[in-house]
Amino acid sequence: MDLKHLFSCNPLDPVYAEAVPGPERPAPELAWFDFAEGIRQIGHPGGAFHYDNEGPVHRVFLEPFQLASRPVTCGEFLNFIADGGYHRPELWLEEGWARVQTEGWQAPQYWGKDADGSWTVFTLGGRRPVDPEEPVAHVSYFEADAYARWAGARLPTEAEWEVAARETSGPAGSFLGDGHLHPVPARNSAHAPSQMFGDVWEWTGSAYLPYPGFAPAEGAVGEYNGKFMVNQMVLRGGCCATPADHIRATYRNFFPTDARWPFTGFRLAKSLT
């Protein structure tokens, strides 16, 4: 992700590596999966490797909710842009709207327009046309939240996301070892949400805060996670630049609300109450 950001600063759009072509397939039609209310446990139980911010295990109560079957695609986000999404203050949190105005956001980071008006995206394999079937990436929390409001939905909480990933997760997406170096379209799954892991880190609606009973680890590692528990939002699931053996349902990534350089995307949720 750092390399992509650095390469993107070069106006010649240099190629970092020849990426393995992704599958050419349409994104599955968006569907919704229901999750019942109840008390669940989230967090890492210990024993195997994990970071201190993933525990301890604790109980949460969830109201009934729905989770989208896949992340939001570039094609869907293009509809948000076409509907004036970046010009409608009623869709945005106040700080997000200030970012739109001061930084001139018009589209996800690394997107650009050709002379004919078509959208392109800079990738680690060079610049190419935006594929409407791929998960949208390089959007901030503010953009994800604004889109969700435009779509009549919301972002899932991290507890909802983890429960869904543990109980019903469908086919995963791509990871670093697949060599795509860019998100690819989701595979169809009729029985569970797909692409919960891989392709894009998914913004949640949860602030990055300590779990009940959290204590920083001893030593230098304890200076990392705990000290960032302010002004950050949680992301889940890993991305196309994540090693597959590095991710798990309890992994809590975190970024500031305006971060767009990571492979950040999102899926929608709805409350059933």
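Anything mentioned here points back to the structure above.
Quick notes on the rules
- Residues numbered from 1 in each chain as written.
- Predicted model: local features only at pLDDT ≥ 70, side-chain atom pairs only at ≥ 80, totals over all residues.
- Heavy atoms only, no water.
- Core = buried A, V, L, I, M, F, W, Y, C linked by side-chain atoms within 4.5 Å.
- Buried < 20%, exposed > 50% of the residue type's maximum accessible area, 1.4 Å probe, protein only.
- Helix = DSSP H or I, 4+ residues; strand = E, 2+ residues; numbered from the N terminus.
- Contact = heavy atoms within 4.5 Å.
- Phe/Tyr/Trp six-rings, centres within 6.5 Å; stacked < 30°, edge-to-face > 60°.
- Lys NZ or Arg CZ within 6 Å of the ring centre and 35° of its normal.
- Pairing = 2+ DSSP bridges.
- Axes fitted to C-alpha atoms, helices over the stretch in contact; angles between N-to-C directions.
- Disulfide = S-S within 2.5 Å.
- Parallel < 35°, antiparallel > 145°, perpendicular 65-115°, else oblique.
- Nonpolar A, V, L, I, M, F, W, Y, C, P; charged D, E, K, R; others polar.

1. A look at the nonpolar core
In summary, soluble globular proteins display a tendency toward joint burial of nonpolar side chains.
So, step 1. The biggest cluster of nonpolar side chains holds 60 residues, and the ones touching the most others in it are F77, W92, W111, W203 and F266.
So, step 2. Considering each element in turn, this core owes the most residues, 6 residues, to helix α4 (residues 141–150).
So, step 3. Ignoring any residue separated from it by four or fewer positions in sequence, one finds F77 in contact with V72, Y86, P108, V136, V139, E143, Y147 and F266.
So, step 4. Counting residues in each nonpolar core, the second largest holds 5 residues, with Y208, F214, M229 and V234 among its members.

2. Comments concerning helix α5 (residues 158–168)
So, step 1. Burial analysis of α5 places 8 of its 11 residues in the buried class, which makes it a mostly covered element.
So, step 2. Turning to α5, its buried residues are E158, A159, E160, W161, E162, V163, A164 and A165.

3. Digging into the packing of aromatic side chains
So, step 1. Under the definition given, this model contains 24 aromatic pairs.
So, step 2. On the numbers, 5.1 Å between centres and 50° between planes, the contact of F77 with F80 is tilted. With F77 and F80 both in helix α2 (residues 74–82), this residue pair falls 3 residues apart, about one helical turn.
So, step 3. The class of F80 is buried, set by a relative accessible area of 0%.
So, step 4. Their ring planes at 70° and their centres at 6.2 Å tell us that F77 and Y86 sit as a pair that is edge-to-face. Y86 matches F77 in its accessibility class, with the two residues each being buried.
So, step 5. The ring of Y211 has R252 lying over it, and the distance from NZ or CZ to the ring centre is 4.0 Å.

4. Thoughts on the sheet that holds strand β4 (residues 65–68)
So, step 1. The strand order β1-β4-β12 describes an open sheet built from 3 strands, whose pairing is antiparallel. At either margin of the open sheet sits one strand with a lone partner, and together these are β1 (32–35) and β12 (269–271). Neighbour-to-neighbour, the strand axes of the sheet open up by a mean angle of 25°, direction not taken into account.
So, step 2. Where β4 and β12 come together, 3 bridges link them in antiparallel fashion. Across the sheet, residue Q66 finds its bridge partner in β12, namely K270.
So, step 3. α5 contacts β1, β4 and β12 of the sheet and is inclined by roughly 100° relative to β1.

5. Remarks on the state of the cysteines
So, step 1. If you walk through the whole model with that rule in mind, you get 0 disulfides.
So, step 2. Of all cysteine sulfurs in the structure, the one in C240 sits closest to C239, which takes part in no disulfide; the separation is 5.0 Å.
So, step 3. Taking the relative accessible area as the measure of exposure, C239 reaches 1% and is therefore buried.
So, step 4. Among the residues examined, C240 registers a relative accessible area of 0% and is labelled buried.

6. Some thoughts on the packing of α2 against α4
So, step 1. The contact between α2 and α4 brings their axes to 11 Å, and the two run at 80°. On the basis of the axis angle, α2 is roughly perpendicular to α4. From α2, E76, F77, N79 and F80 reach across to α4, where they touch E143, A146, Y147 and W150.
So, step 2. Residue composition of the contact of α2 with α4, by class: 5 nonpolar, 1 polar and 2 charged.

Function cannot be read off these values alone, since they describe shape.
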